[in-house]
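Remarks on the overall topology
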Amino acid sequence: MRRPAPEGLDLQAIRDRLARARGREYWRSLEEVAGTEAFLDHLKREFPAGADAFTDPAGRRNFLKLMAASIAFSGLTACTRQPVETIVPFVDEPERLVPGVPLFFATALPFRGFGLGVLVESHMARPTKIEGNEKHPASRGATDAFAQASVLTLYDPDRSQAVRRAGQISAWNAFLDEMGTALADQRLRGGAGIRILTETITSPTLAAQIGALLERFPAARWHQYESAYRDTVRAGARLAFGRDLEVCYRFDRADVILALDADFLSAEPGSVRYAREFIDRRRVRAGGSTTMNRLYAVEGTPTITGAMADHRLPLGPSRIEAFARALAAALTIPGANAAESSFTDGERRWIAALARDLREHRGRGLVLAGDQQPPATHILAHAVNAALGNAGRTVEYTEPVEARPVDQMASLRDLAADMEAGRVEILVVLGGNPVYDAPSDVDFATLLARVPLRVRLGLYEDETSELCHWHVPQTHPLEAWGDVRAYDGTVTIQQPLIAPLYDGHSPHEVLAIFTGSKQRTAHDIVRAHWRTRSKDVADFEMFWRTALHDGVVEGTALPALSASMRADLSGVLAGTVPAGPGSGGGSGSGGEEVALEIVFRPDPTIWDGRHANNGWLQELPKPLTKITWENAALLSPATAGRLGLASGDVVSLAIGGRSLEAPVFILPGHAPGAVTLHLGYGRARAGRVGTGAGVNASLLRASRAPGFEGGLALRRTGRVHPLATTQEHHSMEGRHLVRAATLGEFLEHPDFAREMEHAPDPDRTLHPPFGYESPSWGMAIDLNACIGCNACVVACQAENNIPIVGKDQVMRGREMHWIRIDRYYAGGPDDPEAFHQPVLCMHCEKAPCEPVCPVGATTHSTDGLNQMTYNRCVGTRYCSNNCPYKVRRFNFMQYSDLETPSRRLGYNPDVTVRTRGVMEKCTYCVQRISGARITARNENRDLRDGDVATACEAACPTRAIVFGDVMDPDSRVARLKAQPLNYGILEELNTRPRTTYLARLSNPNPDLEGDA
């Protein structure tokens, strides 16, 4: 039974209700505050009607199709051989593979062209799990959700599996023959008809190959484009300094940070490292801290960076440049040209207080602007950093990486112009999907038809491959040799963990065709490049093996440069005019159009659409909206109230002659007068999981305004579309599980987090006494460090073989994640504070689930675990009904694929794959505990603190999760539990949870006390 879309909300009543709250009141959704009938009805039914079967035959067919595509995948059972070339494990390689003993290999996974160093767990030549590489500067032992989910993409059977010519299966040699003939003709004309289109490239070897190609074919052209671009970052640096520079940030040195539409905690190539450095400056222990940093965020679309801010100002993106100018003017920077009249009194007070704070922390401040902001905003950020002495300390500049710095949108337009003029005779698209994600005014599909020979290298036969003559399957990063630079320039040599499952080829092999070395493998090409670059190395073999083993090439980080601002900066700023905001006026009643501004952002879970067929990422609730399986048009409560819209209402969005329809979602904290639409959805050819989900935001996007644009017309359609959002699932019914205070409040009252209205009597219990042995396991989660990035959720899913269930089942409240990230708000709906809280099995010492199980499937262990014996469970669900934390998950359907042998390659062999009718939940990764115990016994020693790291703990970029022996007073977890900020949720029930939390603290500016 589908839950109906929310009815219209009385937003003023909600504001009044929250304003009357005594102290902080936490809430999860506007429907919860309003107490709508639909919300209350949903709360009454933990197990909704229709639990035993699908009532919709079409829905069942869709579910089976979904399960056939994305549980744990591969293509051919015979494709598990190791590569012929030598790869080097991260630990000492044994004489032979030992079943049950995994090896770890160091490599890197690309994100926005830059590498994240990882260690890949391999079971008998089957990569199954990603971990962070402590030696890699961008990782420091942690990962993100995209890296964790990459294993699922590796085994995706929907990946391209054969070389195709005009849609028909062909062969690599046939492709080489046709390309050889075409290139022979081009050689006579210097390659005037050759165009190469890539995404952002930081690979030294690929850059060298493209350089060699352009030497051999001097009239050829290389273009770069990806929809989640970084053009304005480079353009801003070029205009500010008169040269191309890369920008790196040192959050570990910053006391005051201003993020101008910049989501540095999740959307930057260095975000994993940045998150660790930022949070390390916010950790507060006994006695408090006088060095806790302070974050200001100015943004239109709420992000996890804004959720962590001590002060957040919601502004439409078109107003942020004007805000930056006003700030620069307040700091007496020439040429800022502030338009003071465009700000409210509250906003002017905000700017004045911020300017004082930055000025008082000279050399210890940091101002950064987001990718979507125009170059002028970046220029102003550089100017403020330079004027306050931050440049060279909290902001570092380096030479550009090998990839030629270009304006990628301009590069795409230049390519389109050449295609339209008939100057392109051979187009090779290496990765990317421009037919799908190019802006609508660049009609790439139509222009592509004018090219006589079109070649595409890609993981999937997608929208671009469909229109090309040749499609060549691309190797997955875990199947291929290569190299890639990190955000700071450090190079990792990528080594494969498995031979290509399909007939895959790397970009190195395709480019080798142009340089006359088509018979060379990617391994030979990469190794030869580094042998040439390392002529001064006495022992190249040792250098090569060390680089593979460590996952970094020593000494390749780009040195920081001393960069001086241009003398004519005032003239540069005077030549840029701030964009005007959308009007946001009108009532929108009936068919009336309302002018707004449209905002485009990469999706938090599937990014620009490249992960559309990854079921783990599709079903991952987005950090703030908690939407799964699609996107929606995000509106502020004020704008939605003015237009009479509710979440789920379908509206028509039109701008510049372009239009599409999308459902609405009301997001507290969103800037009024703006509509955000995330990229990556509306795919026409994305595999069985991703095709058809959501709407394609690129249809509204223009190449000259790819980040945001004013003049959006919104029209109500009168239709409703149900959204699969988890924000109201597993509700705690108003009980305050998050505890938060300011730093000042904590220093005055350090025990605030431990106070309980009804303290339990530990002697009053139905449970018999239980003796624990050391080690006795427990967990502490620091809410002051949790940024809500979801890395732990996907890591848990990969480690524990947790299936996906599909949109229909999510709407029924049946998602299977063992960890959920609850998102709470405090304050009014227009600009509330936001909090994230990971919730997993508490492993209660007095567990309510245990005595009600009629078959003893859930029991207690001497080391403190609440255990599940799957083959005892008969599915009564009494344990879930009796769990006050709602952390147990029930297999209503056969979600896991247990029938196809080839699809089992991606499963973790150390964890049971569950069947229908079984209850499951977090086990504290008991398989990892057992493995560490065996290792310690074999080494004739006791377990040491840190020997066991749960999957969630290992993945967390901020080290918010700490696991260990609570009976060892010197362990990290015991020390955290002894802190005054430590508390357990629902302790009044006397469950004595083993998982506890450290309360969230903020560090507001005293001049802005009471402001967001």
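Bear in mind the structure is a predicted one, so any value in this text is a computation, not a measurement.

Within the chain, the secondary structure is distributed over 31 helices and 37 strands. A buried classification covers 63% of the 1012 residues belonging to the chain. Nonlocal contacts in the chain, meaning residues at least 24 apart in sequence, comprise 76% of its contacts between residues at least 6 apart. With an accessible surface of roughly 35700 Å², the chain has 51% of that area assigned to carbon and sulfur atoms.

Turning our eyes to something else, we now look at helix H26 (residues 791-799). Along H26, nine of the nine residues are buried, which leaves the element largely enclosed by surrounding structure. When we look at burial in H26, the residues that qualify are Ala791, Cys792, Val793, Val794, Ala795, Cys796, Gln797, Ala798 and Glu799. Asn801 sits one or two positions beyond H26 and adopts a positive phi of about 55 degrees.

Moving on, we get to the packing of helix H11 (residues 317-330) against helix H13 (residues 375-387). Between H11 and H13, the shortest axis-to-axis distance is 9 Å and the interhelical angle comes to 25 degrees. Judged on the interaxial angle alone, H13 and H11 are roughly parallel. Crossing angle aside, the handedness with which H11 passes H13 is left-handed. Residues Ile320, Glu321, Ala324, Arg325 and Ala328 of H11 lie in contact with H13, whose contacting residues are Ala376, Thr377, Leu380 and Val384. Of the residues contributing to the contact of H11 with H13, the split by class is six nonpolar, one polar and two charged.

Another point: the sheet that holds strand E1 (residues 26-27). Spatially, the three strands line up as an open sheet ordered E1-E28-E29, and their pairing is antiparallel. In this open sheet, the two strands that pair with only one neighbour each are E1 and strand E29 (833-839).

Here Arg319 is to be found in helix H11. The sequence separation of Arg319 and Glu299 amounts to 20 residues, and the corresponding C-alpha distance is 9.5 Å. For Arg319, the side chain forms a polar contact with the side chain of Glu347, separated by 2.9 Å.

Before going further, it helps to examine the packing of aromatic side chains. Evaluation of the coordinates by the stated rule reveals 24 aromatic pairs. Their ring planes at 75 degrees and their centres at 5.6 Å tell us that Phe264 and Phe278 sit as a pair that is edge-to-face. Taken as a pair, Phe264 in the loop between strand E10 (256-260) and helix H9 (271-280) and Phe278 in helix H9 lie far apart in primary sequence, 14 residues in all. Considered together, Phe264 and Phe278 belong to a single accessibility category, that of buried residues. Aromatic pair Tyr296 and Trp350: ring centres 5.6 Å apart, planes at 80 degrees, arrangement edge-to-face.

Glancing now at the pairing of strand E14 (residues 395-398). Side chains Val395 and Tyr397 project from E14 onto one buried face, and the interleaved Glu396 and Thr398 project onto a second face that is buried too. As judged from the four bridges shared by strand E9 (residues 246-249) and E14, these two strands associate in the antiparallel manner. If you follow Glu246 over to E14, its bridge partner there is Thr398.

Let's shift gears to unusual backbone geometry. With the exception of glycine, most residues fall at negative phi, and the peptide bonds are largely trans. The amide bond that connects Ser774 to the next residue, Pro775, takes the cis arrangement and shows omega of 5 degrees. Tracing the backbone through its elements, the reader meets Pro775 in the loop between helix H25 (743-748) and strand E27 (777-782). Phi angles above zero are rare outside glycine, and Tyr924 is one such case at about 55 degrees. In this structure, Tyr924 sits in the loop between strand E33 (919-920) and helix H29 (926-938). Tyr924 gets classed as buried once you look at its relative accessible area, which sits at 1%.

What follows deals with the sheet that holds E10. The sheet built from four strands is open, its strands ordered E12-E11-E10-E13 with parallel pairing. Two strands close off the open sheet at either side, each with one partner strand: strand E12 (311-314) and strand E13 (365-369). Between one strand axis and the next, the sheet turns by 10 degrees as a mean value, whatever way the strands run. Sheet analysis places strand E11 (residues 294-299) next to E12, joined by four bridges and oriented parallel. Note that in E12 the partner of Val298 across the bridge is Leu313. Helix H12 (residues 345-360) contacts E10, E11, E12 and E13 of the sheet and is inclined by roughly 140 degrees relative to E11.

Taken N-terminus to C-terminus, the directions of helix H7 (residues 204-216) and helix H19 (residues 522-533) make an angle of 90 degrees; their axes are 10 Å apart at the nearest point. Classed by the angle they form, the pair H7 and H19 counts as roughly perpendicular. Here Pro204, Thr205, Ala208 and Gln209 of H7 lie close against H19, whose contacting residues are Ile525, Val526, His529, Trp530 and Arg533. Classifying every residue of the contact of H7 with H19 by side-chain character gives five nonpolar, three polar and one charged.

For the rest of this paragraph, the subject is the pattern of salt bridges. Across all of its chains, the model carries 54 salt bridges by this definition. For Asp782, the salt bridge goes to Arg283, with nearest N and O atoms at 3.9 Å. Taken together, the positions of Asp782 in strand E27 and Arg283 in the loop between H9 and E11 put the pair 499 residues apart, joining distant regions of the chain. For Asp782, a relative accessible area of 5% gives the class buried. The partly exposed category is assigned to Arg283, whose relative accessible area is 23%. When the shortest N-O distance is used, the salt bridge between Arg423 and Asp418 registers 2.7 Å. For Arg423, a relative accessible area of 43% translates into the label partly exposed. What makes Asp418 buried here is its relative accessible area of 12%.

Applying the stated criterion to the full structure yields zero disulfides. Cysteine Cys786 shares no disulfide, and the gap to the nearest cysteine sulfur, in Cys792, comes to 6.5 Å. Note on Cys841: no disulfide assigned, nearest cysteine sulfur contributed by Cys922 at a separation of 5.7 Å. Owing to a relative accessible area of 6%, Cys841 belongs among the buried residues under this scheme.

Here the focus is H9. Across the 10 residues of H9, nine count as buried, placing the element largely inside the fold. Those residues of H9 not exposed but buried are Ser271, Val272, Arg273, Tyr274, Ala275, Arg276, Glu277, Phe278 and Ile279. Buried residues belonging to H9 abut strand E3 (114-123), E9, E10 and E11.

To continue, consider the environment of Thr923. Here Thr923 shows up in the loop between E33 and H29. Distance from Thr923 to Asn800, taken between C-alpha atoms, is 9.2 Å for residues 123 residues apart in sequence.

Turning next to the environment of Glu277. Looking at the element boundaries, Glu277 is found in helix H9. Note: C-alpha distance between Glu277 and Asp252 (25 residues apart in sequence) is 4.8 Å. In contact with Glu277, not counting residues within four places along its chain, are Arg140, Tyr249, Arg250, Phe251 and Asp252. Of the polar contacts made by the side chain of Glu277, one reaches the backbone nitrogen of Phe251; its length is 3.2 Å.

What follows concerns the side chain of Thr305. Its place among the elements puts Thr305 in helix H10 (residues 304-307). Among the polar contacts listed, one links the side chain of Thr305 to the backbone nitrogen of Leu265, at a separation of 3.1 Å. Discounting chain neighbours no more than four positions away, the residues touching Thr305 are Ala259, Ala262, Asp263, Phe264, Leu265 and Leu295.

Below, the discussion takes up the confidence of the model for the chain. Model confidence for the chain is summarised by a mean pLDDT of 86, while 87% of its residues fall at 70 or above. For residues 63-83, every residue scores under 50 in pLDDT, and the model assigns this stretch 74 contacts once sequence neighbours within four places are set aside. Predicted confidence for residues 578-593 stays below pLDDT 50, and this span has 38 contacts to residues more than four positions away or in other chains.

Parameters and conventions
Throughout this document, residue positions are counted from 1 along each chain, in the order its sequence is written. Side-chain atom pairs in this predicted model are given and counted only at pLDDT of 80 or more, local residue features only at pLDDT of at least 70, and totals for whole chains, interfaces and linings cover all residues. Remark: hydrogens and water are excluded; side-chain values derive from all non-hydrogen atoms of the structure. Counting from the N terminus, the helices are the DSSP runs of H or I reaching at least four residues and the strands are the DSSP runs of E reaching at least two. Type-normalised accessible area, obtained with a 1.4 Å probe on protein chains alone, sets the label of each residue: buried when under 20%, exposed when over 50%, and partly exposed for intermediate values. By the convention used here, residues are in contact when the closest approach between their heavy atoms is within 4.5 Å. In this description, accessible areas are obtained by the Shrake-Rupley approach with a 1.4 Å probe, and a residue is regarded as covered only by the protein chains that are shown. Axes here mean lines fitted to C-alpha atoms, for a helix over just the part in contact, with angles spanning 0 to 180 degrees between N-to-C directions. Working definition: roughly parallel below 35 degrees, roughly antiparallel above 145 degrees, roughly perpendicular at 65 to 115 degrees, and oblique for all remaining angles. Take the far helix as the reference: if the near one is turned anticlockwise from it by less than a right angle, the crossing is left-handed, and if turned clockwise, right-handed. Residues are sorted three ways: Asp, Glu, Lys and Arg are charged, Ala, Val, Leu, Ile, Met, Phe, Trp, Tyr, Cys and Pro are nonpolar, and all the rest, Gly among them, are polar. Pairing between two strands is assigned when DSSP locates at least 2 bridges connecting them. Distance and chemistry together define a polar contact, namely a pair of N or O atoms within 3.5 Å, with one atom able to donate a hydrogen and the other to accept it when in protein, and with adjacent residues in sequence counting only for side-chain atoms on both sides. Two aromatic rings from Phe, Tyr or Trp, using only the six-membered ring of Trp, form a pair when their centres are within 6.5 Å; if the ring planes differ by under 30 degrees the pair is stacked, by over 60 it is edge-to-face, and anything between is tilted. One side-chain nitrogen of Lys or Arg within 4 Å of one carboxyl oxygen of Asp or Glu is enough to make a salt bridge. Note on terminology: disulfide denotes any pair of cysteine sulfur atoms within 2.5 Å. Each residue carries a pLDDT score, the predictor's confidence in it, ranging from 0 to 100.

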